[in-house]
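# Topology and contacts: notes
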Amino acid sequence: MANIAVQRIKREFKEVLKSEETSKNQIKVDLVDENFTELRGEIAGPPDTPYEGGRYQLEIKIPETYPFNPPKVRFITKIWHPNISSVTGAICLDILKDQWAAAMTLRTVLLSLQALLAAAEPDDPQDAVVANQYKQNPEMFKQTARLWSHVYAGAPVSRNVFILLTIK
């Protein structure tokens, strides 16, 4: 990886570790390899969402051209969300694509992903089936998202999830 990218990502990695904002929002990042080309992120499901109480693992790959191109990020933890593939974990978020700016940082990306969990964009979906359910049957969407949060992200069982699990 180019020296500029390594220096920048090292600085940003430390920024996330020391940031009160990321700590308060329960956002973490760890090294996967020693070259800083692959990181593992973790974000907590935001309060008052179907994802609350869940812990979501992210794969973060830093390209050679960083910070001029965005990191490649995907959810490792399965999640039921219109802007995240329920199969691959691919994410539809403008700052990870055409709206990336070199001034953005790893902290910005992680906070933006957590915010996305609280504010889905069903008209610009990554997963059309989930987006359709989100728009056509919001209550079923919330129940499915809560169930997935419990099963895959370790969220506590809510009353609705308990009912769904009991029915099976």
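The rules behind these values
Sequence positions are assigned chain by chain, starting from 1 and proceeding in written order. Per-residue local features of the predicted model are confined to residues with pLDDT of at least 70, and side-chain atom pairs are confined, for both listing and counting, to 80 or more; whole-chain, interface and lining totals are unaffected and use all residues. Each side-chain value is derived from all of the structure's non-hydrogen atoms; neither hydrogens nor water enter the calculation. UniProt positions are given in the numbering used here, feature names are shortened, and annotations may be inferred rather than shown by experiment. A helix here means a DSSP run of H or I that spans at least four residues, while a strand means a run of E at least two residues long, and both kinds are numbered starting from the N terminus. Excluding any residue in a salt bridge, patches collect residues exceeding 30% relative accessible area, merging like charges within 9 Å and nonpolar Val, Leu, Ile, Met, Phe, Trp and Tyr side chains within 5 Å. Surface exposure here means Shrake-Rupley accessible area, sampled with a 1.4 Å probe, where a residue is shielded only by the protein chains that are shown. Basic side-chain nitrogens of Lys or Arg form a salt bridge, by our definition, when they fall within 4 Å of a carboxyl oxygen of Asp or Glu. Positive charges come from Lys and Arg, negative ones from Asp and Glu, while His and the chain ends are left out of the count. Taken as the charge centre is NZ of Lys, CZ of Arg, CG of Asp or CD of Glu, depending on the residue. The buried label goes to any residue with under 20% of its type's maximum accessible area, the exposed label to any with over 50%, and the partly exposed label to all in between, with areas taken from a 1.4 Å probe on protein chains only. What makes two residues a contact is simply this: any of their non-hydrogen atoms within 4.5 Å.

In the nomenclature of an unreviewed UniProt entry, the chain corresponds to Ubiquitin-conjugating enzyme E2 K from the organism Goodea atripinnis. UniProt, in its Sequence similarities (unreviewed entry) section for the chain, records the words "Belongs to the ubiquitin-conjugating enzyme family."

## Digging into the UniProt feature "domain: UBC core" (unreviewed entry) in the chain
The feature "domain: UBC core" (unreviewed entry), as annotated in UniProt, sits at residues 4–154 in this numbering. For residues 4–154, helix accounts for 38% and strand for 15%, while the C-alpha atoms at its two ends are 38 Å apart.

## Considering a negative patch on the surface
Residues Asp 94, Asp 98, Glu 121 and Asp 124 make up a contiguous surface patch of negative charge. As for its placement among the helices and strands, Asp 94 is situated in the loop between strand 4 (72–75) and helix 3 (106–118).

## Digging into the environment of Leu 111
As for its position among the elements, Leu 111 is in helix 3. Leu 111 gets classed as buried once you look at its relative accessible area, which sits at 16%. Along the sequence, Leu 111 and Ile 91 sit 20 residues apart, while their C-alpha atoms lie 14 Å from each other. With sequence-adjacent residues up to four places away left out, Leu 111 is seen in contact with Glu 21, Asn 25 and Ile 27.

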